[in-house]
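Residue-level structural notes
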Amino acid sequence: MDEPEKAVKAIYRAISARKKKAVITRRWAFLVPWMRIAPEWLVAKILGKA
């Protein structure tokens, strides 16, 4: 399945479940818990926004 199709299905499921936040791809699902506990400046540096 193409990446955009996966994203659309994940977004639809999140909206249907009335979730406030949703992780679209599995690779991000692995990183999100770490990003939530990491300091904001560290996450920005890792993502290249600093």
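Criteria and cut-off values
- Residues numbered from 1 in each chain as written.
- Predicted model: local features only at pLDDT ≥ 70, side-chain atom pairs only at ≥ 80, totals over all residues.
- Heavy atoms only, no water.
- pLDDT = per-residue confidence, 0-100.
- Helix = DSSP H or I, 4+ residues; strand = E, 2+ residues; numbered from the N terminus.
- Expected span 1.5 Å × (residues − 1).
- 1 Å grid on protein atoms, 1.4 Å probe; cavity = no way out; pocket = protein on both sides within 12 Å on 5 of 7 lines; lining within 4 Å.
- Points joined across faces, edges and corners; volume = space filled by probe spheres on them.
- Nonpolar A, V, L, I, M, F, W, Y, C, P; charged D, E, K, R; others polar.

**Observations concerning the confidence of the model for the chain**
- Residue-level pLDDT values for the chain average 81, and 94% of them are 70 or greater.
- Within the chain, the element-level pLDDT minimum falls on helix α2 (residues 26-37), averaging 79, and the maximum on helix α3 (residues 40-46), averaging 87.

**Some points on helix α1 (residues 3-16)**
- The terminal C-alpha atoms of α1, which comprises 14 residues, lie 20 Å apart, in line with the 20 Å expected from a rise of 1.5 Å per residue.
- Once α1 ends, the next one or two residues include Arg-18, with phi positive near 55°.

**Concerning the layout of surface pockets**
- Here the largest pocket is characterised by a volume of approximately 210 Å³.
- Every residue lining the largest pocket is counted, 10 residues in all, and those nearest its centre are Lys-6, Arg-13, Ile-24, Thr-25 and Arg-26.
- Of all the elements, α1 adds the most residues to the lining of the largest pocket, at 5 residues.
- Residues that form the lining of the largest pocket fall into these classes: 4 nonpolar, 1 polar and 5 charged.

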